[in-house]
Amino acid sequence: MTQRGKTKHKSKGKRAKAPGRLRRIALRISIFLLLLVVLSALLLWWSLPDVEALRDKPPETTAFIELRKEQAKDAGKKFRLRWKWRPIKKISPYLRHAAVAAEDATFWSHEGVDWKAMEQVAKDSWESKSLSGRGGSTITQQVAKNLYLSPSRSPIRKLREFFIARRLESELSKERILEIYLNIAEWGNGVFGAEAAAQKWYGVSAAKLSPVQAARLAVALPNPFKRSAKRDAKWLNRKAARLLRSMRGARLISEEVLQSSYRELGIPSTASPRVSK
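Summary of the structure given here. On a predicted model such as this, the values are computed, not experimentally measured, just so you know. (Residues numbered from 1 in each chain as written. Predicted model: local features only at pLDDT ≥ 70, side-chain atom pairs only at ≥ 80, totals over all residues. Heavy atoms only, no water.)

## A short note on the environment of Leu182
We apply this condition: Put simply, DSSP marks the helices as runs of H or I at least four residues long and the strands as runs of E at least two long, and each gets a number from the N terminus on. Residue contacts are counted whenever heavy atoms from the two residues lie within 4.5 Å of one another.
In this structure, Leu182 sits in helix α7 (residues 174-184). Distance in space between the C-alpha atoms of Leu182 and Pro87 is 9.6 Å, their sequence separation being 95 residues. If sequence neighbours within four positions are ignored, Leu182 has contacts with Ile91, Leu95, Arg96, Ala99, Trp187, Gly193 and Ala194.

This is the structure we're talking about:
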C-alpha cells in the first residue's frame, strides 16, 4: 500500500471513531446531569419542614407574619399583630364554604395540586411571557406558602411549595388543612385568621359571621389590601353574590336569606340555582 493510501485509511479510521467518542461523552454528561437532578430533589425533600406537629397544635407563627414584621421594621413603623386561633367548628360554615368556593373549588378532591389549573396558568404565562399571573395555587399550596415560604415566584420556591403541599396532604386531613388555612390567611394590615378578621371588620366572632360577611371576607382573600372586606364596590359585591349563590346551591342558606343578602349587597335579585330536596 502506498503512503497516500495508508494516510487515507488512517483518516477514515479517525472519522469512524469520532462519532463513538462523542456518544460516550454525551452519555456521561447525561448520566451526570440525571444524578445531579436526583440529588437536588433528594436534598430539597430532606430540607422540607416537618408538618406532623400540625396535626395536634397550631403553629407558633408563620412566614408571612414574620415577613410583615420585618417590612414594618424596615419602614420604621410599628407592627400590631391581630391573630386568634379558632378550631374549625368555631368558624362560620358560611366562611368555610365561601373560602373553598372562591379559592379552590376542587379542594375536597385533589391531592394538594390542581393539575388542570396549573396547566392553564402555565399556558397563560407562556402566552403572556410573564410569571406574574395569579392562580393555580390550591388551598394546600397557599398553606405551604403562608406557613413556610415567601411571596417570591421563583421556580425553586414554587417547587418547595409543591413538595410541602404534598407532604401536608399526606400528613393532615382535609378538614385540618382548611382549619389551618382559615387561621393563617391574611385579611389586612396585621390581621391574620378568620377570628381576627371577623372582629376587625365586623365586630363579631368568626362563628357569628353572616352569609354576606363571610362572602365578603372570602372575596378579599386574594388581596386583602386591594379587596378590603369593608370596601363597597360593585365588582366585589358581584363576586360576593356568586359565593352566596354557591351557598344556596349547597343548601347552607334559604332562598329568603339569599334574596335579603342580595339587597344588602345592592345586587338585583336573580334566579337562584335549583336545590334538590
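Structure shown, so let's carry the discussion forward.
## Comments concerning the pattern of salt bridges
To keep things clear, this is the line we draw: In what follows, salt bridge is the name for a side-chain nitrogen of Lys or Arg lying within 4 Å of a carboxyl oxygen of Asp or Glu. Here's how the labels work: a residue is buried when its accessible area is under 20% of the maximum for its type, exposed when over 50%, partly exposed in between, all with a 1.4 Å probe on protein chains only.
All chains considered together, the criterion is met by 13 salt bridges. In this structure, Lys158 engages Glu161 in a salt bridge whose closest nitrogen and oxygen atoms are separated by 3.2 Å. Linking Lys158 with Glu161, this pair stays in helix α6 (residues 155-171), spanning three residues, or about one helical turn. You can call Lys158 partly exposed: its relative accessible area is 30%. Given a relative accessible area of 1%, Glu161 falls into the buried group. Salt-bridge contacts for Arg176 lead to Glu179; the nearest nitrogen and oxygen are separated by 2.2 Å.

## Here we look at unusual backbone geometry
Non-glycine residue Arg251 carries a positive phi angle of around 65°. In this structure, Arg251 sits in the loop between α10 (234-249) and α11 (255-265).

## Some points on the packing of aromatic side chains
For clarity, the threshold we go by: Between rings of Phe, Tyr and Trp, where Trp is taken as its six-membered ring, a pair exists when centres lie within 6.5 Å; planes separated by under 30 degrees are stacked, by over 60 edge-to-face, and by other angles tilted. Only when the NZ atom of a Lys or the CZ atom of an Arg is both within 6 Å of the ring centre and within 35 degrees of the ring normal do we say a charge sits over the ring.
Tallied over the entire structure, the rule returns two aromatic pairs. Between the aromatic rings of Phe107 and Trp108, the centroid separation amounts to 4.9 Å while the plane-to-plane angle is 70°, which identifies the pairing as edge-to-face. Take Phe107: its relative accessible area is 0%, and that puts it in the buried class. Ring geometry for Phe162 versus Phe163: centroids 5.5 Å apart, planes at 65°, classification edge-to-face. Phe163 gets classed as buried once you look at its relative accessible area, which sits at 19%. Here the basic side chain of Lys174 rests over the ring of Phe107, its NZ or CZ set 4.5 Å away from the ring centre. Taking the ring centre of Trp201 as reference, the NZ or CZ of Lys200 above it sits at 5.4 Å.

## Looking at the nonpolar core
The nonpolar side chains of a soluble globular protein tend to be buried with one another. Put simply, the rule reads: The nonpolar core is taken to be a set of buried Ala, Val, Leu, Ile, Met, Phe, Trp, Tyr and Cys residues, with the residues joined through side-chain atoms within 4.5 Å.
With 57 residues, the main nonpolar core has Leu95, Val143, Trp187 and Leu217 as its most contacted residues. Of all elements in the fold, only α3 (93-103), α5 (139-148), α6, α7, α8 (194-202), α9 (211-220), α10 and α11 reach the threshold of two or more residues within this core. For this core, the element with the most residues is α9, which contributes seven residues. The contact partners of Leu217, leaving out residues within four places of it in the chain, are Leu95, Trp187, Ala197, Trp201, Tyr202, Leu209 and Ala229.

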